[in-house]
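# Chains, contacts and geometry: an overview
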Amino acid sequence: ISPSVNIVREFTKCTEGTSGIPTVYLRANLAGTLDYAMLEMLAGTGLRVGELLMLMVGDVEIKERSGKVIVRRGKHENYREVPLTLDVRKALEVYLEATHPDKNNPEAPLWIGTHGGLNHRSSVTRMLEKYAIQAGVESVNPHARRHKCI
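Notes on the structure follow. (Residues numbered from 1 in each chain as written. Predicted model: local features only at pLDDT ≥ 70, side-chain atom pairs only at ≥ 80, totals over all residues. Heavy atoms only, no water.)

### Remarks on the packing of helix 3 (residues 33-45) against helix 5 (residues 86-98)
What counts here: Only the stretch in contact is used when a helix axis is fitted, and all axes are lines through C-alpha atoms; the angle between N-to-C directions ranges over 0 to 180 degrees. Secondary structure elements are defined from DSSP: runs of H or I of at least 4 residues count as helices, runs of E of at least 2 residues count as strands, and each element is numbered from the N terminus. Orientation is classified from the angle alone, with under 35 degrees giving roughly parallel, over 145 giving roughly antiparallel, 65 to 115 giving roughly perpendicular, and any other angle giving oblique. Two helices that cross are described as forming a left-handed crossing if the nearer one is turned anticlockwise from the farther one by less than a right angle, and a right-handed crossing if clockwise. Residue contacts follow a heavy-atom distance rule, with two residues in contact if any of their heavy atoms lie within 4.5 Å. Under this grouping Gly is polar, as are all residues other than the nonpolar Ala, Val, Leu, Ile, Met, Phe, Trp, Tyr, Cys and Pro and the charged Asp, Glu, Lys and Arg.
Axis separation between helix 3 and helix 5 bottoms out at 9 Å; the angle between their running directions is 155°. Classified by the angle between their axes, helix 3 and helix 5 sit roughly antiparallel to one another. Viewed along their axes, helix 3 and helix 5 form a crossing whose handedness is left-handed. Residues T33, L34, Y36, A37, E40, M41 and G44 of helix 3 pack against D87, V88, A91, L92, V94, Y95 and A98 of helix 5. A class-by-class count of the residues in the contact of helix 3 with helix 5 yields ten nonpolar, two polar and two charged.

Okay, structure coming up:
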């Protein structure tokens, strides 16, 4: 996968001043489609990590010119629909087509790692820490980033 120039332009912009991971580093070093899609989703939607991890394949709607993700149980059990940017849609399409083992099952977890569904926030924290360490910057707190994005 060759991550777009925008892979975490928004992520970097959102973490500006809080030791954000440099965009150039991320463009060159993303390990795979899962990390790429998760980072694009975090950067492009402002979802909470818990909301991100609860998503099912059927919660994502991708069309040629639009898309949305359905958060069925957000903060205070609220339902909401979040629009997807072009970059997020592309990243999700690549991830689902190239990596996801059960992409046609709407009830399957959206995020599946090597050992099954990702359902612990530590999975996301470890991913962010991994890239921060490799880039030589301080760790990025996903919740702090979320508040800068929205």
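Let us keep going from here.
### Brief notes about the nonpolar core
The nonpolar side chains of a soluble globular protein tend to be buried with one another. Rules: The criterion is simple. A nonpolar core is a set of buried Ala, Val, Leu, Ile, Met, Phe, Trp, Tyr and Cys residues joined through side-chain atoms within 4.5 Å. Relative accessible area decides the class of each residue, using a 1.4 Å probe on protein chains only: under 20% of the type maximum gives buried, over 50% gives exposed, and in between gives partly exposed.
In terms of nonpolar packing, the biggest core is built from 31 residues, with M38, M41, L92, L110, W111 and V124 touching the most fellow members. Sorting the residues of this core by element identifies helix 3, helix 4 (49-54), strand 2 (67-71), helix 5 and helix 6 (121-135) as the ones contributing at least two each. It is helix 3 that contributes the most residues to this core, seven residues altogether. Excluding its chain neighbours within four sequence positions, the residues that come into contact with M41 are G46, L47, L52, L55, V69, L84, V88, L92, L110 and W111.

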